[in-house]
Amino acid sequence: GNSVTQMEGPVTLSEEAFLTINCTYTATGYPSLFWYVQYPGEGLQLLLKATKADDKGSNKGFEATYRKETTSFHLEKGSVQVSDSAVYFCARNFGNEKLTFGTGTRLTIIP
Amino acid sequence: DVKVTQSSRYLVKRTGEKVFLECVQDMDHENMFWYRQDPGLGLRLIYFSYDVKMKEKGDIPEGYSVSREKKERFSLILESASTNQTSMYLCASSPPGARYEQYFGPGTRLTVT
């Protein structure tokens, strides 16, 4: 079926390190892809999105590129900060289907 | 800014009790959703609604019901709470034309003992 698989956590990095959180999807067509972020004690927030192949979503220094050939939407940031500590969720939808979320990746940044 | 509020941050109930979780959004969104969040399982959709008095089952509706009498309010009801319904419950809403760009409330952590 249609699903999202993302990198197992938790991930711990030092401040200013480079971040990659992997996400791959399965789909019969071309879904829209999303990254949501959940900061401690808060609900999820949409971080970025891409709606077609080769689109790059970006926000707050984070980027993700919709790669049709590898069915991937990996989240990257060049230099992480302590304030980026959160749980990150990859998600997809296709047509009128519901949003399907990955299991989440907990990221901790240490000073 | 869109604000989605949930009636309680923490709730403790006994097995067999009827539980109401309330969600209110202030941006006139048509679409509202209830999810539960469990470690290792991510978010799973319980019910959703695209209009007043309309509801549709999500992936795990068993043991739950919902009510949407007003556009801004979407209630989740546990008819007879059980211990396997101990979880974090998240409400979300989204505007027309951007159904999948959802705004989430802070969540209610429900413990059923």
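Please refer to the structure placed before this passage.
The rules behind these values
Residues numbered from 1 in each chain as written. Chains lettered and ligands numbered in written order. Predicted model: local features only at pLDDT ≥ 70, side-chain atom pairs only at ≥ 80, totals over all residues. Heavy atoms only, no water. Helix = DSSP H or I, 4+ residues; strand = E, 2+ residues; numbered from the N terminus. Rg over C-alpha atoms; globule rule 2.2 N^0.38 Å. Buried < 20%, exposed > 50% of the residue type's maximum accessible area, 1.4 Å probe, protein only. Contact = heavy atoms within 4.5 Å. Areas by Shrake-Rupley, 256 points an atom, 1.4 Å probe, with all protein chains shown as cover. Lys, Arg positive; Asp, Glu negative; His and termini not counted. Charge placed at Lys NZ, Arg CZ, Asp CG, Glu CD. Pairing = 2+ DSSP bridges. Core = buried A, V, L, I, M, F, W, Y, C linked by side-chain atoms within 4.5 Å. Buried area = accessible area lost by both parts, 1.4 Å probe. Salt bridge = Lys/Arg side-chain N within 4 Å of Asp/Glu carboxyl O. Polar contact = N/O pair within 3.5 Å; in protein donor to acceptor, adjacent residues only side chain to side chain. Nonpolar A, V, L, I, M, F, W, Y, C, P; charged D, E, K, R; others polar.

A.B. asks: Teacher, can you tell me more about the overall build of chain B here?
C.D. replies: Along chain B, the regular secondary structure elements total 0 helices and 12 strands. Mapped in sequence order, the helices and strands of chain B form the string β-β-β-β-β-β-β-β-β-β-β-β. Relative to its length of 113 residues, chain B is compact, with a C-alpha radius of gyration of 13 Å against a globular reference of 13 Å. Principal-axis analysis of the C-alpha atoms places the extent of chain B at approximately 40 × 25 × 25 Å. Counting the 113 residues in chain B, one finds 50% classified as buried. In chain B, 55% of the contacts between residues at least 6 apart in sequence involve partners at least 24 apart. Within the structure as shown, chain B displays about 5,500 Å² of accessible surface, and the carbon and sulfur contribution to it stands at 48%. When the 16 basic and 15 acidic side-chain charges of chain B are each reduced to a single mean position, those positions are 6 Å apart.

A.B. asks: How do you make sense of the pairing of strand 7 (residues 56-59) of chain A when you look at a structure like this?
C.D. replies: Remember that side chains alternate between the two faces of the sheet whenever the strand is regular. All names here are of chain A. The pairing of strand 7 with strand 8 (residues 62-65) spans 4 bridges and is classified as antiparallel. What sits directly across from N59, in strand 8, is F62. The hairpin formed by strand 7 and strand 8 contains 2 residues between the paired strands, and K60 there has a positive phi angle of roughly 55 degrees.

A.B. asks: So what exactly am I meant to see when it comes to the nonpolar core here?
C.D. replies: The tendency in soluble globular proteins is for nonpolar side chains to be buried as a group. Counting residues in hydrophobic clusters, the biggest one holds 25 residues, and the most contacted among them are A:W35, A:L47, A:L48, A:F73, A:L75 and A:Y88. Of all the secondary structure elements, the ones that give two or more residues to this core are strand 2 (11-14), strand 3 (19-21), strand 4 (23-26), strand 5 (32-38), strand 6 (44-50), strand 8, strand 10 (86-93) and strand 12 (105-110) of chain A. The residues touching A:L75, leaving out its near neighbours within four places in the chain, are A:L19, A:T20, A:I21, A:W35, A:L47, A:L48, A:F62, A:E63, A:A64 and A:Y88. Counting residues in hydrophobic clusters, the runner-up holds 20 residues, among them B:L21, B:C23, B:V66 and B:Y89.

A.B. asks: Honestly, the interface of chain A and chain B in this entry has me stumped. Any pointers?
C.D. replies: Interface extent is often summarised as the accessible area lost during association of the parts. If you look at the interface, chain A gives 19 residues, while chain B gives 19 residues. With both sides pooled, the region where chain A packs onto chain B buries about 1,400 Å², and carbon together with sulfur makes up 56% of that total. Area buried by chain A at its contact with chain B is led by A:L44, A:K98 and A:F101, which between them contribute 33% of it. The interface formed by chain A and chain B contains 2 salt bridges. For A:K98, the salt bridge identified is with B:D59, shortest N-O distance 3.7 Å. The tally of links between chain A and chain B comes to 5 residue pairs in polar contact (both at pLDDT 80 or more). Taken together, the elements giving at least two residues each to the side of chain A that touches chain B come down to strand 5, strand 6 and strand 10 of chain A. Its residues assigned to classes, the side of chain A that touches chain B shows 7 nonpolar, 8 polar and 4 charged.

A.B. asks: Looking at this model, I keep getting lost on unusual backbone geometry. Mind explaining?
C.D. replies: A cis amide bond links A:G9 to the next residue, A:P10, at an omega of -10 degrees. Phi angles above zero are rare outside glycine, and A:K60 is one such case at about 55 degrees. Notably, B:D28 is not glycine yet its phi reads approximately 60 degrees, a positive angle. Positionally, B:D28 belongs in the loop between strand 4 (23-25) and strand 5 (31-38).

A.B. asks: Even after reading the chapter, I still don't get the environment of B:F33, so can you show me in this structure?
C.D. replies: Residue and element names in this part refer to chain B. Residue position: F33 is located in strand 5. For F33, a relative accessible area of 3% corresponds to the buried category. Sequence spacing of F33 and P61 is 28 residues, and the spatial spacing of their C-alpha atoms is 12 Å. Other than its neighbours up to four places away in sequence, F33 contacts L45, Y47, F48, Y50, F74, L90, C91, A92, S93, S94, R99 and Q102.

A.B. asks: What's the story with the pattern of salt bridges in this structure? I'm lost.
C.D. replies: Here the idea is simple: oppositely charged side chains can pair when their charged atoms come close. Inspection of the entire model under this criterion finds 11 salt bridges over all chains. When the shortest N-O distance is used, the salt bridge between A:K49 and B:E101 registers 2.2 Å. Here A:K49 is found in strand 6, whereas its partner B:E101 is found in the loop between strand 10 (87-94) and strand 11 (103-104) on a different chain. You can call B:E101 partly exposed: its relative accessible area is 23%. One salt bridge in this structure joins B:K53 and B:E69, with 2.4 Å as the shortest N-O distance. Taken together, the residues B:K53 in the loop between strand 6 (42-49) and strand 7 (56-57) and B:E69 in strand 8 (residues 64-70) connect sequence positions 16 residues apart. A relative accessible area of 63% places B:K53 in the exposed class. Connected through salt bridges with shared partners, the residues B:R36, B:D38 and B:R44 form a single ionic network.

Treat this as a map of the structure, not an account of what it does.
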